[in-house]
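Secondary and tertiary structure notes
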Amino acid sequence: DDAFWREHQNHVRTPDWLSVQVVFYQVPEHKIPFNPMMRQAYADGAEYLVRINDDSEFVTSGWVSKAVAKLASYSPPNVGMVGPDCHEGNREI
């Protein structure tokens, strides 16, 4: 039960080309259901999965294309992870 979502769910705006599906999962307190979310995205036919924190800011235009190109350059292609550079907080992660 997410109070923020309940308050803002009717005000979400996305481009016509972007399909958004909101799903809620029952999970233990203080746990984020990453595995069920990723399984559902895969079952829905997602080609790529983007996981971000709620305090992330996208400042680089074309970042999705750059990330996909980097994944495609791997051997084998499209197996792995890419992510942003961290310039603050714990940079040793």
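Basis of the calculations
Numbering of residues begins from 1 in every chain and follows the order in which that chain's sequence is written. Reporting of local features is limited, given that this is a predicted model, to residues whose pLDDT is at least 70; pairs of side-chain atoms are given and counted only at 80 or more, and all residues count toward the totals for whole chains, interfaces and linings. Excluded from the side-chain calculations are hydrogens and water; all other atoms, namely the structure's heavy atoms, are used. Strands here mean DSSP runs of E at least two residues long; helices mean DSSP runs of H or I at least four residues long; both are numbered from the N terminus. Exposed residues in this analysis have more than 50% of their type's maximum accessible area, buried residues have under 20%, and partly exposed residues fall in between, with area computed by a 1.4 Å probe over protein chains only. Whether two residues are in contact is decided by their heavy atoms, any of which lying within 4.5 Å being enough. Reported accessibility uses the Shrake-Rupley method at a 1.4 Å probe radius. Residues are deemed covered only where the shown protein chains occlude them. In this tally, Lys and Arg are treated as positive and Asp and Glu as negative; His is ignored, and so are the chain termini. Here the site of a charge means atom NZ of a Lys, CZ of an Arg, CG of an Asp or CD of a Glu. To count toward a patch, a residue needs a relative accessible area over 30% and no salt bridge; like charges are then connected within 9 Å, while nonpolar side chains (Val, Leu, Ile, Met, Phe, Trp, Tyr) are connected within 5 Å. Salt bridges are counted wherever a side-chain nitrogen of Lys or Arg sits within 4 Å of a carboxyl oxygen of Asp or Glu. The quantity called pLDDT is the predictor's confidence in a given residue, expressed from 0 to 100.

Details of the overall build of the chain
Check the secondary structure of the chain and you find three helices and zero strands. Along its sequence from the N terminus, the chain presents helices and strands in the succession α-α-α. C-alpha extents for the chain along the principal axes are approximately 40 × 35 × 30 Å. Within the chain, the fraction of its 93 residues that count as buried is 4%. A separation of at least 24 residues holds for 3% of the contacts in the chain among residues at least 6 apart in sequence. Surface accessibility of the chain: about 9100 Å² in total, with carbon and sulfur atoms responsible for 52%. Counting 8 positive and 13 negative side-chain charges, the chain places the averaged centre of each group 5 Å from the other.

Section: unusual backbone geometry
Here Ser75 and Pro76 are connected by a cis peptide whose omega angle stands at 0°. Topologically, Pro76 is positioned in the segment after α3 (63–73). You will see that His30, though not glycine, has its phi angle at about 65°, which is positive. Mapped onto the elements, His30 comes out in the loop between α1 (3–8) and α2 (34–43).

Observations concerning a nonpolar patch on the surface
Taken together, the side chains of Trp17, Leu18, Val20, Val22 and Phe24 present a nonpolar region at the surface, about 560 Å² in accessible area. Looking at where Val20 falls in the secondary structure, it is placed in the loop between α1 and α2. Here Val20 falls in the partly exposed class, since its relative accessible area comes to 49%.

Some thoughts on the environment of His8
For His8, the location among the structural elements is in helix α1. Placed 33 residues apart in sequence, His8 and Ala41 show a C-alpha to C-alpha distance of 23 Å.

Concerning the confidence of the model for the chain
Averaged over every residue, the pLDDT of the chain is 80; residues scoring 70 or more account for 95%. α3 holds the highest mean pLDDT among the elements of the chain, 88, whereas α1 holds the lowest, 79.

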